[in-house]
Amino acid sequence: MLPILLSSFFVLVALRPMGGVYAQTTEYSLTFNEASTVVNVNLQTRELRVVQSSGQVVQQIRLSANLDPAAVYTETATGFTLTNAATDGTVLELAREVDTNAYSQFAVIRNEVPSSVTNVDCVNLLTTNWYGGPQQKHQYWPVQKLRFNRYSMLSKEADNSAVGDRYWLNAFGSFLYVDPWTPLFVDQNYGQPGFMCFETRAALPYDTHGTSYDVRYTIGVAADARAAHMGAIGRILGKPTGHPAESMVMEPIWSTWARYKRDIDDAVVRQFACEIVSNGFRGQYELDDDWEWCYGALTFNQTKFPNIRSTITAIRQLGFARTTLWIHPFINKGCEPWYSEARRRGYLVADHTGNTDTEWWNSVRGQAAYVDFSKADVREWFSARLQAILDESGIDSFKFDAGESSWTPPDPLLNGPANRRPSQIVGDYLRTVARFGDLVEVRSALGTQDLPVFVRMIDKDSNWGWNNGLPTLITTLLQLNMVGYPLVLPDMVGGNGYDDSPPSKEMFIRWLQANVFMPSIQYSFVPWDFDAETVQIALAMTELHRRMAPAIMERFALAVSDGLPVNPPLWWVDPSDQTAQQIYDQYLLGDDIIAAPVIVENARARDIYLPRGSWTDGNSGELHTGPKWLRNYPVPLAMVPYFTRKV
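Small disclaimer: the values here were computed from a predicted structure and weren't measured.

**Here's the deal with the overall build of the protein chain**
Then, number 1: Counting its secondary structure elements, the protein chain contains 11 helices and 37 strands.
Then, number 2: Relative to a compact globule of 647 residues, whose C-alpha radius of gyration would be 26 Å, the protein chain shows 26 Å and is just as compact.
Then, number 3: Each of the three principal axes of the protein chain carries a C-alpha extent, and together these read 95 × 70 × 40 Å.
Then, number 4: Counting only residues that meet the buried cut, the protein chain has 62% of its 647 residues in that class.
Then, number 5: Of the contacts made within the protein chain by residues no fewer than 6 positions apart, 67% connect residues no fewer than 24 positions apart.
Then, number 6: Here the protein chain has roughly 22800 Å² of accessible surface; of this, 50% comes from carbon and sulfur atoms.
Then, number 7: Positive and negative charge centroids in the protein chain, built from 54 and 70 side chains respectively, lie 2 Å apart.

**Things to note about the nonpolar core**
Then, number 1: Ranked by internal contacts, the top residues of the largest apolar core, which has 202 residues, are Leu48, Phe106, Trp168, Trp291, Ile327, Phe400 and Phe517.
Then, number 2: Per-element accounting of this core gives the leading share, 11 residues, to helix H11 (residues 532–562).

**What to know about the pattern of salt bridges**
Then, number 1: Taken as a whole, this structure holds 38 salt bridges when the rule is applied.
Then, number 2: For Arg282, the salt bridge goes to Glu251, with nearest N and O atoms at 3.1 Å. Highlighted residues: Arg282 in the loop between helix H4 (266–278) and strand S22 (284–287) and Glu251 in the loop between helix H2 (246–250) and strand S21 (253–255), separated in sequence by 31 residues.
Then, number 3: The partner of Arg443 in a salt bridge is Glu404, with the nearest N and O atoms 2.8 Å apart.

**Things to note about the packing of H4 against helix H5 (residues 308–317)**
What describes two packed helices is the angle between their axes and the distance between those same axes.
Then, number 1: Interhelical geometry of H4 versus H5 gives an angle of 10° and a closest axis separation of 10 Å. As summarised for this structure, H4 and H5 are arranged roughly parallel, according to the angle between their axes. Here H4 contributes Asp266, Val269, Arg270 and Ala273 to the contact with H5, which in turn contributes Ser310, Thr311, Ala314 and Ile315.
Then, number 2: Residues of the contact of H4 with H5, tallied by class, amount to 4 nonpolar, 2 polar and 2 charged.

**Concerning helix H9 (residues 471–481)**
Then, number 1: Of all 11 residues in H9, 11 are buried, a share of seventy percent or more.
Then, number 2: Turning to H9, its buried residues are Pro471, Thr472, Leu473, Ile474, Thr475, Thr476, Leu477, Leu478, Gln479, Leu480 and Asn481.

**A closer look at the layout of surface pockets**
Then, number 1: If you add up the space inside the largest pocket, you get close to 520 Å³.
Then, number 2: Around the largest pocket sit 23 residues that line it, and Trp361, Arg443, Ile458, Asp459 and Tyr498 are the ones nearest its centre.
Then, number 3: Class assignment for the residues of the lining of the largest pocket results in 7 nonpolar, 3 polar and 13 charged.
Then, number 4: Viewed by domain, the lining of the largest pocket spans two of them, domain 1 (27–234) and domain 2 (250–329 + 396–407 + 425–566), each represented by three or more residues.

**So, the UniProt feature "domain: Glycosyl hydrolase family 31 C-terminal" (unreviewed entry) in the protein chain**
Then, number 1: Following the UniProt record, the feature "domain: Glycosyl hydrolase family 31 C-terminal" (unreviewed entry) maps to residues 563–645 here.
Then, number 2: Summarising residues 563–645: 0% helix, 42% strand, and an end-to-end C-alpha distance of 21 Å.

**Description of the domain arrangement of the protein chain**
Then, number 1: Taken as a whole, the protein chain is organised into domain 1 (27–234), domain 2 (250–329 + 396–407 + 425–566) and domain 3 (572–645).
Then, number 2: At the boundary of domain 1 with domain 3, total buried surface from both sides reaches about 750 Å², with 55% on carbon and sulfur atoms.
Then, number 3: Of all residues in domain 1, Asn129, Trp141 and Arg226 give up the largest surface area on contact with domain 3, accounting jointly for 59% of the area buried on that side.
Then, number 4: For the pair domain 1 and domain 3, the number of links is 1 salt bridge.
Then, number 5: Among the ionic pairs, Arg226 bridges to Asp591, the shortest N-O distance being 3.3 Å.
Then, number 6: Counting across the domain 1 and domain 3 interface gives 4 residue pairs in polar contact (both at pLDDT 80 or more).
Then, number 7: Broken down by element, the residue count for the side of domain 1 that touches domain 3 peaks at 4 residues, all from helix H1 (residues 225–237).
Then, number 8: A per-class count over the side of domain 1 that touches domain 3 returns 6 nonpolar, 2 polar and 2 charged.

**Focus: empty space enclosed by the protein**
Left-over empty space is what a probe sized like a water molecule reveals as it rolls over the atoms.
Then, number 1: If you walk through the whole model with that rule in mind, you get 3 cavities of 30 Å³ or more.
Then, number 2: The computed volume of the largest cavity comes to approximately 80 Å³.
Then, number 3: Of the residues assigned to the lining of the largest cavity, the class counts are 10 nonpolar, 4 polar and no charged.
Then, number 4: Of the voids in this model, the second largest cavity is the one considered here, and its volume is about 60 Å³.
Then, number 5: Grouping the amino acids of the lining of the second largest cavity by side-chain chemistry returns 4 nonpolar, 4 polar and 1 charged.

**What to know about the sheet that holds strand S17 (residues 174–178)**
Then, number 1: Spatially, the 8 strands line up as an open sheet ordered S9-S10-S11-S12-S20-S17-S16-S14, and their pairing is antiparallel. In the strand order of this sheet, the two ends are held by strand S9 (72–75) and strand S14 (130–132), each with one partner. This sheet shows a mean twist of 20° between the axes of neighbouring strands, independent of strand direction.
Then, number 2: Where strand S11 (residues 91–99) and strand S12 (residues 103–114) come together, 6 bridges link them in antiparallel fashion. The partner of Val98 across the bridge, within S12, is Gln105.

**Examining the sheet that holds strand S35 (residues 605–617)**
Then, number 1: The antiparallel open sheet is built from 5 strands, whose spatial order is S33-S34-S37-S35-S36. Edge strands, defined here as strands with exactly one partner in the open sheet, are strand S33 (587–589) and strand S36 (623–634). Each adjacent strand pair in this sheet contributes to an overall mean axis angle of 20°, direction not counted.

**With respect to the state of the cysteines**
Then, number 1: Going through the model one piece at a time under the given rule, you end up with 2 disulfides.
Then, number 2: The disulfide bridge from Cys122 ends at Cys197, spanning 2.1 Å between sulfur atoms. Every disulfide takes its handedness from the sign of the S-S torsion; for Cys122 and Cys197 that torsion is 105°, giving right-handed. Residue Cys122 is located in strand S13 (residues 119–124), and its partner Cys197 is located in strand S19 (residues 195–200); the two are separated by 75 residues in the primary sequence.

**A few points about unusual backbone geometry**
One can expect most non-glycine residues to show negative phi and most peptide bonds to be in trans.
Then, number 1: Here the amide bond leading from Glu336 into Pro337 is cis, since omega sits at 10°, within 30 degrees of zero.
Then, number 2: Note that Pro337 resides in the loop between strand S24 (330–332) and helix H6 (338–344).
Then, number 3: That bond from Arg421 to Pro422 is cis: its omega, 0°, falls within 30 degrees of zero.
Then, number 4: With respect to the helices and strands, the residue Pro422 is situated in the loop between strand S28 (412–413) and helix H8 (424–433).
Then, number 5: Positive phi outside glycine occurs at Leu298, with the angle close to 55°.
Then, number 6: Assignment of secondary structure puts Leu298 in the loop between S22 and H5.
Then, number 7: Backbone geometry places Asp499, a non-glycine residue, at a positive phi of 55°.
Then, number 8: With respect to the helices and strands, Asp499 occurs in the loop between strand S31 (488–489) and helix H10 (505–515).
Then, number 9: We classify Asp499 as exposed; its relative accessible area is 74%.

**Digging into the environment of Cys122**
Then, number 1: Using a relative accessible area of 3% as the deciding quantity, one classes Cys122 as buried.
Then, number 2: Taking the C-alpha atoms as reference, Cys122 lies 22 Å from Ile236; in sequence the two are 114 residues apart.
Then, number 3: Setting aside residues up to four positions removed in sequence, Cys122 forms contacts with Gln60, Ile61, Arg62, Gln192, Phe195, Met196 and Cys197.

Scoring rules and cut-offs
- Residues numbered from 1 in each chain as written.
- Predicted model: local features only at pLDDT ≥ 70, side-chain atom pairs only at ≥ 80, totals over all residues.
- Heavy atoms only, no water.
- Helix = DSSP H or I, 4+ residues; strand = E, 2+ residues; numbered from the N terminus.
- Rg over C-alpha atoms; globule rule 2.2 N^0.38 Å.
- Buried < 20%, exposed > 50% of the residue type's maximum accessible area, 1.4 Å probe, protein only.
- Contact = heavy atoms within 4.5 Å.
- Areas by Shrake-Rupley, 256 points an atom, 1.4 Å probe, with all protein chains shown as cover.
- Lys, Arg positive; Asp, Glu negative; His and termini not counted.
- Charge placed at Lys NZ, Arg CZ, Asp CG, Glu CD.
- Core = buried A, V, L, I, M, F, W, Y, C linked by side-chain atoms within 4.5 Å.
- Salt bridge = Lys/Arg side-chain N within 4 Å of Asp/Glu carboxyl O.
- Axes fitted to C-alpha atoms, helices over the stretch in contact; angles between N-to-C directions.
- Parallel < 35°, antiparallel > 145°, perpendicular 65-115°, else oblique.
- Nonpolar A, V, L, I, M, F, W, Y, C, P; charged D, E, K, R; others polar.
- 1 Å grid on protein atoms, 1.4 Å probe; cavity = no way out; pocket = protein on both sides within 12 Å on 5 of 7 lines; lining within 4 Å.
- Points joined across faces, edges and corners; volume = space filled by probe spheres on them.
- Domains from an automatic or database assignment.
- UniProt positions renumbered as here; feature names shortened; annotations may be inferred.
- Buried area = accessible area lost by both parts, 1.4 Å probe.
- Polar contact = N/O pair within 3.5 Å; in protein donor to acceptor, adjacent residues only side chain to side chain.
- Pairing = 2+ DSSP bridges.
- Disulfide = S-S within 2.5 Å.

Pasting the structure below:
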């Protein structure tokens, strides 16, 4: 028998005689020098299997059906390739990237895949818990409960998927990360229940004009989910280079949006500011939608705001040290001369025919255009217009809305590599606007974990259910933290009140309580619209949040230095705790504070789970040793349960 081929990186198992002719077997292994992770690829079953040192299978992937059982094996410096020499000519490569005792990482690569070829790799969810994935309107947690049907995985308006990072972490201690430029569609729990299939193909909304495309996804393995996630932060996702201003944490943000929608002018803005102060509150004032002459003018409507500097000065004199202004990246048709100027100068995103028509929520179909941030001169032009607003008004910074790639015309022609369409526009927009200081907030994201700005949850609805209601305030917080965005700005207390459905008194209070241990509080609906009791509870919860500000700022600093999540899920303190892995209605602030708010209508008690450790009840002072359940814990309307860990 011929000898088995060995290298320091992998082993090719084995060779066997067939009718007097030696032929290779169909299983190949990628091993590591330091890590004990083992990776096997079986050509007959098309299975890629990843095994931890404990023997636990942490990833099991059925590779695409076009992988030839007779694919040609070639050793490389970091692994091997399998080439479909007899069929479509595609090459599958496994490449080792990180090999340490505590953490291993490798990539699955298919480069220059012909545009006519579709690959479908199906990940077995292994009946364990998974975290991460895209932001969703129905933000279930853990995320293996979600369902997708050939779902384009990018930052888009549909389903509240403004944050579209392709990162999934499982409770066994392994993650999957798909390169942001891979033309990825996901099928989860649809055609094959219990599987998440990665389908890659040259189809809209991705680029369809090239002759080929590239596929790359990365698998990381560590002892547990926390260690694996920190490996992803350090090697792939990155960490913020700074954090928002302490003032945004210490005091609430007051937005005109939910309470007034577009019905604002100088008188309304001043009156709102007076009401806030007269009821004992202070903070940051945010002027939201419909302040422009027309959408895209970036010029104040002087009918509504005849002297905007006077307006802002009056607000500041009332005690609001900071004011911010709502900004979007669109110009509506008919917004002249701004639309025609931008169109003439080539400053709007166009498709391959030169058509710039698109739509957004403040336009009708085909009656708007998206500013083309993929061009350097456009970025400078837009930034200069924003700076002019600050100079004119005395406003401090901005709330930046939209930014998702789905707002471009279909099949956009951007200034950059073709394979980065349409997602390139997301990062180009966000990196342009993130320069406007430490009061900036954005709502979209894709591969922008390094930006030192708040990522705002997309608008929540004023309901008690999973349809973008109160429970998803917590699960969206967890989802964003676990795809590498620890600087999370929760949406407005009580939701947005769409369809003439504002929050009830109880919903407003429970929403606020759920928000207390998150990085910042945003008000728009106000407690004095209910009654004096609501005002007193809101003042008490705002003060409790203020007391939490030092812990939040400490965690912000750790997010910047180490990449740690600010509000991790409950299992973060004990990744092996299978009960904690499934908790969706509690969350952590750092490692030492548990928030357990009530998110069920009419509930005056709830069950609370405490993981391993000694925990002091923040309301009663009682000491508990976890892991344990506190069953039927009383929670009157004025109270939010929380616990601090005794270290």
